[in-house]
Amino acid sequence: MTRISDAFDRSLNTVAAWALGVLWVLPLAYAIWTAFHPAAYEARFDLFAPITFENFVKAWEAAPFARYFLNTFILVTLILACQFFLCTLAAYAFARFEFPGRNVLFALVLLQLLVMPDILIVENYKTMRFLDLVDTIPAIALPYIASGFGIFLLRQTFMTIPKELDEAARVEGASFLGVLWRVYIPLAKPTYLAYGLVSVSHHWNNFLWPLIVTNSVETRPVTVGLSVFSSIDSGIEWSVINAATLMTSGPLLIAFLLFQRQFVQSFMRAGIK
Amino acid sequence: MKATRFKRDWIHGWLLLLPAMVFLFAFTHIPAVTTLINSFYSTPRGQRPARFLGLDNYERMLADPVFWKVLWNNLWFALGTIPLSIALAIAMALWVNDKLAGRGFVRMAYFTPTVLPLIAVANIWLFFYTPGFGLFDQLTRGLFGWPASNYLGDPDTALNAIIVVTVWKEAGFFMIFYLAALQAIPVSLKEAAQIEGAGRWTIFWRITFPLLMPTTLFVSINAVINSFRLVDHIFILTDGGPDNASSLLLFYIYETAFRYWETGYAATLTVALLVLLSLLAIGQFFLFDRKVHYK
């Protein structure tokens, strides 16, 4: 009796899980479908509709997407490099040094998890105008490079590294920076990978702040470029907009499909600690 | 010897922290303080510098119907998105954690929206919601013979339409945290319960769900912050309209500051947002604190 009800229960769960899964991919599948078919099929589902790449060509030619991609690439690289540098040093200080004000400063770092630069757009814009950085890529990056989340994550990782390794390296004559470079950073590689993936996908997708602080083709990242492109809604076909949409999310999506396991594990690792 | 070691530790610690702290203060702490200061001043215009207004901006805010409107919208938005996406996230995590046929596909399906930019997500859904030939209208016409409806253009449905998009985007993200938590629960607990004759439902409510409480606290704090922070899709889907029916607090701050250039009043609105966020974070912490079972 229980075995039958158990099997029934299990199959019911499988069906529900699949139904939700199908529902969840539907929007994306539909966008892919329209992007690869002529505009005439965008509201008409036909399994044998001809496949075309024309929508992608049209979108690519209609707006300077190549430049937008370059901007986004520079942006995420800049942010990631600065975050790794700043967060590593700060995390090392919090994890292994005793100094007055440590707890207060750490609380201030954690405060950034609540009071994020995303919310302080008005004042940060004023700062950028004061620094004469409006409409530059560094202006998009600067508010995010000292990441409270990154510092916290790396500190937690550094604290799990046995002190004996640290002391052994010091006995061999390594300086405090040498110890960081030769002991802590190599052992924290998985955390760097996890944080890197989270950071890149976050800043690739970021929109509001770049929208505010950029106003030219030379600085706009793809998200802002896409919104500019699709808001001139006169005459652009849906299939072309969908092609542009897929294009902007494409690199991240492909990377995700290829490295699915690492992605999921990275987000998990970034989340639990 | 000991003393000099300490002194050197101090200096090393401070030096290591210095670069990060400079940027942290420059773009988080100082702006937060100047926001508070500027909220008491008028907006400087051209030759006219900012004047001290006292509480005028706050009085204006309390009398501003749009402020109350977006505040209510935001609360509805939070209530509509958070419990639903957390419930879905738990269900997703339980399913994906189980031995399920085609688990890889299902997990990918749940998680994919998370890697898409919110702007791209909005574009995809905008097409869904298009009156007449969008997918929703085609489905409802085909299945129930309903007439075309403008989900995003109708003040009654615009916010709900945005809630649907947000739940779709966020549930898979939260699933990851639950998945991690589920994998940390010892199997022996479940087995013991099974020997005692407990059903799956009982096991979930008596064992799994309580053990997931710390995750729920973490996820819900994240979700609350997100519900005040993520407004990207509004730009594409409704632009806050019709008549602010789908505008949220941060979107209103953006409009006030960068469309009407009223930075003084925008600072006041930002203070309201910061106060609200802090209260919610503290409140949640205490609410959950009694129920959370730490290991």
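All values derive from a computational prediction rather than experimental measurement.

Draft legend 1. Structural detail: the overall build of chain B. Counting its regular elements, chain B contains 13 helices and zero strands. Going from N to C terminus, chain B has its helices and strands arranged as α-α-α-α-α-α-α-α-α-α-α-α-α. For chain B, whose C-alpha radius of gyration is 24 Å, the value lies well above the compact-globule estimate of 19 Å for 295 residues. Along the three orthogonal principal directions, the C-alpha set of chain B runs to about 80 × 75 × 30 Å. Split into buried and exposed, the 295 residues of chain B put 41% on the buried side. Within chain B, contacts between residues separated by at least 24 positions form 69% of all contacts whose residues are at least 6 apart in sequence.

Draft legend 2. Spatial organisation of the interface of chain A and chain B. Listed per partner, the contact involves 71 residues of chain A and 71 residues of chain B. Element by element, the count of residues in the side of chain A that touches chain B is highest for helix 1 (residues 2–35) of chain A, at 12 residues. Taken together, the residues of the side of chain A that touches chain B sort by class into 49 nonpolar, 17 polar and five charged.

Draft legend 3. A look at the UniProt feature "domain: ABC transmembrane type-1" (unreviewed entry) in chain B. UniProt's feature table lists "domain: ABC transmembrane type-1" (unreviewed entry) at residues 71–286 of chain B, given in the numbering used throughout. In residues 71–286 of chain B, the share of helix is 77% and the share of strand is 0%. The end C-alpha atoms are 23 Å apart.

Draft legend 4. Fine view of the packing of helix 3 (residues 65–96) of chain A against helix 10 (residues 189–205) of chain A. All names here are of chain A. Two numbers describe how helix 3 lies on helix 10: the axes approach to 10 Å, and their chain directions differ by 140 degrees. On the basis of their axis angle, the class for helix 3 and helix 10 is oblique. Where helix 3 crosses over helix 10, the two elements pack in a sense that is right-handed. Seen from helix 3, the contacting residues are Thr72, Leu75, Val76, Ile79, Leu80, Gln83 and Phe84; seen from helix 10, they are Tyr192, Gly196, Ser199, Val200, His203 and Trp204. Per-class residue counts for the contact of helix 3 with helix 10 are eight nonpolar, five polar and no charged.

Draft legend 5. How the structure looks around the domain arrangement of chain A. Residues and elements named next belong to chain A. The domain boundaries assigned to chain A delineate domain 1 (2–56) and domain 2 (63–272). Just the C-alpha atoms count here: the centres of domain 1 and domain 2 sit 33 Å apart. Counting only elements with at least two residues in the side of domain 1 that touches domain 2, the list comes to helix 1 and helix 2 (54–62). The element that contributes the greatest number of residues to the side of domain 1 that touches domain 2 is helix 1, accounting for four residues.

Draft legend 6. Geometry of the UniProt feature "transmembrane region" (unreviewed entry) in chain A. In the numbering adopted here, UniProt assigns the feature "transmembrane region" (unreviewed entry) to residues 12–33, 68–92, 104–125, 137–154 and 238–259 of chain A. Along residues 238–259 of chain A, the helical share is 95% and the strand share 0%, with 30 Å between the first and last C-alpha atoms.

Draft legend 7. Highlighting the UniProt feature "transmembrane region" (unreviewed entry) in chain B. Residues and elements named next belong to chain B. UniProt records the feature "transmembrane region" (unreviewed entry) for residues 12–32, 75–96, 108–128, 158–182, 203–225 and 265–288 in the present numbering. Across residues 108–128 one finds 90% helix and 0% strand; the C-alpha atoms that close the span lie 22 Å apart. Taken end to end, residues 158–182 is 100% helix and 0% strand, and its first and last C-alpha atoms sit 36 Å apart.

Draft legend 8. Up close: the nonpolar core. If you look at the biggest cluster of nonpolar residues, it comprises 155 residues, and the most contacted ones within it are Ala90(A), Ala89(B), Met175(B), Tyr178(B) and Leu250(B). No other element matches the 17 residues that helix 7 (residues 158–184) of chain B contributes to this core. Both domains that furnish three or more residues to this core are identified here as domain 1 (2–56) and domain 2 (63–272) of chain A. The contact partners of Ala89(B), leaving out residues within four places of it in the chain, are Ala171(B), Phe174(B), Met175(B) and Tyr178(B).

Criteria and cut-off values
Residues numbered from 1 in each chain as written. Chains lettered and ligands numbered in written order. Predicted model: local features only at pLDDT ≥ 70, side-chain atom pairs only at ≥ 80, totals over all residues. Helix = DSSP H or I, 4+ residues; strand = E, 2+ residues; numbered from the N terminus. Rg over C-alpha atoms; globule rule 2.2 N^0.38 Å. Buried ≥ 20, exposed ≤ 12 C-beta atoms within 10 Å, placed from the backbone. Contact = placed C-beta atoms within 7 Å. Nonpolar A, V, L, I, M, F, W, Y, C, P; charged D, E, K, R; others polar. UniProt positions renumbered as here; feature names shortened; annotations may be inferred. Axes fitted to C-alpha atoms, helices over the stretch in contact; angles between N-to-C directions. Parallel < 35°, antiparallel > 145°, perpendicular 65-115°, else oblique. Left-handed = near helix turned anticlockwise from the far one by under 90°. Domains from an automatic or database assignment. Core = buried A, V, L, I, M, F, W, Y, C linked by C-beta atoms within 7 Å.

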